[in-house]
Amino acid sequence: MTKFSSKKTLLLAGAGHAHIGMLRRLGTARLKDTDTIDADIHLISEQPQTIYSGMLPGWMAGHYQLHDISIDIKSLCVRAGVRFIQQSLVKVNAASNKVVTTGDEQTDFDYDVLSLNTGADTDMRWLRDHKGQNDYRSDNDDRDANTDVIAIRPLSTFITQWQRILKDAQSSEKYQLAIIGAGAAAIELVMAAQVALRNINRNHQVTLVCGENLLSGFNSGFRQRVIKQLHRHDITIVRERASDYRDGKLSTTYKSLPMNAVIAATGVIGSAWTASTDLEIEGDGFIAVNDKQQSVSYPNVFAVGDVATRVDKYVAHSGVHSVHGGAVEADNLLAYLGDNVMKSYQPKSRTLYLLSCGDKYAIGSWGNVNLQGRWVWHLKKYIDKQFIEADKN
Ligand SMILES: Cc1cc2nc3c(=O)[nH]c(=O)nc-3n(C[C@H](O)[C@H](O)[C@H](O)COP(=O)(O)OP(=O)(O)OC[C@H]3O[C@@H](n4cnc5c(N)ncnc54)[C@H](O)[C@@H]3O)c2cc1C
């Protein structure tokens, strides 16, 4: 068991958007010598870098190098005076203030205050044999293990798999790739993939398998603009549900489609470790939190981003809410440690959504206002770079 010093221990698990913001803030406070946090801070993450999802489609389309879309967590920790521990969280025992991790070996860590920002897993329960059981986690793991489908998460694994797809496509006469999903991420991936594969060979083809409800959370004007872009890219759209992929055949409601590879961007489900915790869970494996991003069952545990679900109101799982919720959560962690009053995270009623279309073109949505053009892509690039390069300023 690893013991820390007698100061209070703040344990940060995961290096998602929120913890990146927190590390930056601690680093700046340290530089200006305004650091007033009387705690030992440790960050546990699987990887020394975090891949920024907002720029992943741009990397696939060839607009960015891998280093352009990666954030160096280890360096951020050094600047912030935070101890970096490269391990994977596998269990949280909140009753005894302990987490268990794996890496070279299994380790226990004690904490006084815990903040969770480990993101979520790809929901693979659409695969055949899913019985709709309440045991969401084991069902997801079974489906995940029995298929050749490439899940979009974790992004670090996807990066390697995408590089393999490109390599295979180089030596193929007609490479066929399907992307399963109906949300904004799937749409961005499908257009980026089509651009990348067509740059290799004009015969290569990407298919979007999206069921009946394409972009259901967006207004119809936005949806129409997206569909036009999918047609412009000559993407095949199959409005059926996919149910299985094996031996090079993708099964949908009425078809069996030959595919060289299949990528799933089918929404999120709670991280695997959430099956091993005594924290209260909401829905399909998300940590139940209140408006302070605080666990509803253990007040010294906070969670933010895709790992958490608010119990008081609907807040979508998205990078935007991880960033903004994370800023409030960081204030609350400090307030909790200092016995001060905490704040409530109230998401804005409208958020700007920018969807890249693969070839330096983008569509934007802000409430009912829709925009598109190359300038929208440049706006997206500017905003993304602001986030990724914040440490270099
Ligand atoms: C292609 C694509 C494009 C997207 N574009 C947008 C967009 O433009 N705008 C938007 O708002 N949302 C977008 N999203 C959604 C967005 O990616 C997620 O909502 C967001 O990443 C969630 O952030 P997070 O802070 O919860 O965690 P994540 O960004 O998922 O990061 C989690 C971190 O925790 C680490 N980790 C995970 N498990 C463990 C573990 N067990 N132990 C230790 N560490 C762990 C991971 O390595 C990672 O560093 C997109 C998603 C995809 C797939």
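Before reading further, recall that the structure is shown in the block above.
Computed from a predicted structure; not experimentally measured. (Residues numbered from 1 in each chain as written. Predicted model: local features only at pLDDT ≥ 70, side-chain atom pairs only at ≥ 80, totals over all residues. Heavy atoms only, no water.)

A. How the structure looks around the pairing of strand β12 (residues 176–180). Of all 5 residues that make up β12, 5 are buried, and the element is covered over most of its length. Along β12, one buried face is formed by Q176, A178 and I180 and the opposite face, lined by L177 and I179, is buried too. As paired strands, β12 and strand β13 (residues 205–209) are joined by 5 bridges and run parallel to one another. Paired with Q176 across the two strands is Q205, which belongs to β13. Remark: the β12/helix α6 (residues 184–200)/β13 crossover connection has right-handed handedness. (Buried < 20%, exposed > 50% of the residue type's maximum accessible area, 1.4 Å probe, protein only. Helix = DSSP H or I, 4+ residues; strand = E, 2+ residues; numbered from the N terminus. Pairing = 2+ DSSP bridges. Right-handed = clockwise from strand over helix to strand, strands pointing away.)

B. Molecular detail of the sheet that holds strand β9 (residues 113–116). Spatially, β5-β2-β1-β9-β22 is the arrangement adopted by the 5 strands of the open sheet, whose pairing is parallel. A single partner strand is all that each edge strand has here, and the edge strands are β5 (83–86) and β22 (301–303). The sheet shows a mean angle of 20 degrees between the axes of neighbouring strands, taken without regard to direction. Inspection of the sheet shows β9 paired to β22 by 3 bridges, in the parallel sense. Counterpart to L116 in the pairing with β22 is A303. (Axes fitted to C-alpha atoms, helices over the stretch in contact; angles between N-to-C directions.)

C. A look at the pattern of salt bridges. Under the criterion given, the structure shown has 14 salt bridges. Close ionic contact of E240 with K255 constitutes a salt bridge, the shortest N to O distance being 2.6 Å. Here E240 is found in the loop between β14 (236–238) and β15 (242–246), whereas its partner K255 is found in the loop between β16 (249–252) and β17 (256–258), with 15 residues between them in sequence. A relative accessible area of 12% means that E240 is categorised as buried. For K255, a relative accessible area of 37% gives the class partly exposed. A salt bridge links R246 to D244, with the nearest nitrogen and oxygen atoms 2.9 Å apart. (Salt bridge = Lys/Arg side-chain N within 4 Å of Asp/Glu carboxyl O.)

D. Seen up close, helix α7 (residues 220–232). In this model, α7 (13 residues) spans 18 Å end to end at C-alpha, consistent with the 18 Å of a helix rising 1.5 Å per residue. Of all the residues in α7, the buried ones are F222, V226, I227, Q229 and L230. Projected down its long axis, α7 carries its buried residues within an arc of 160 degrees, all on one side. Exposed residues pointing more than 90 degrees away from the buried face of α7 are listed as K228 and H231. Structurally, the start of α7 carries an N-cap: the backbone nitrogen of G221 is 3.2 Å from a side-chain oxygen of N219. One or two positions beyond α7, positive phi appears at D234, with a value near 60 degrees. (Expected span 1.5 Å × (residues − 1). Arc of directions from axis to C-beta. Polar contact = N/O pair within 3.5 Å; in protein donor to acceptor, adjacent residues only side chain to side chain.)

So far we have only geometry, and geometry alone does not tell us how the molecule works.
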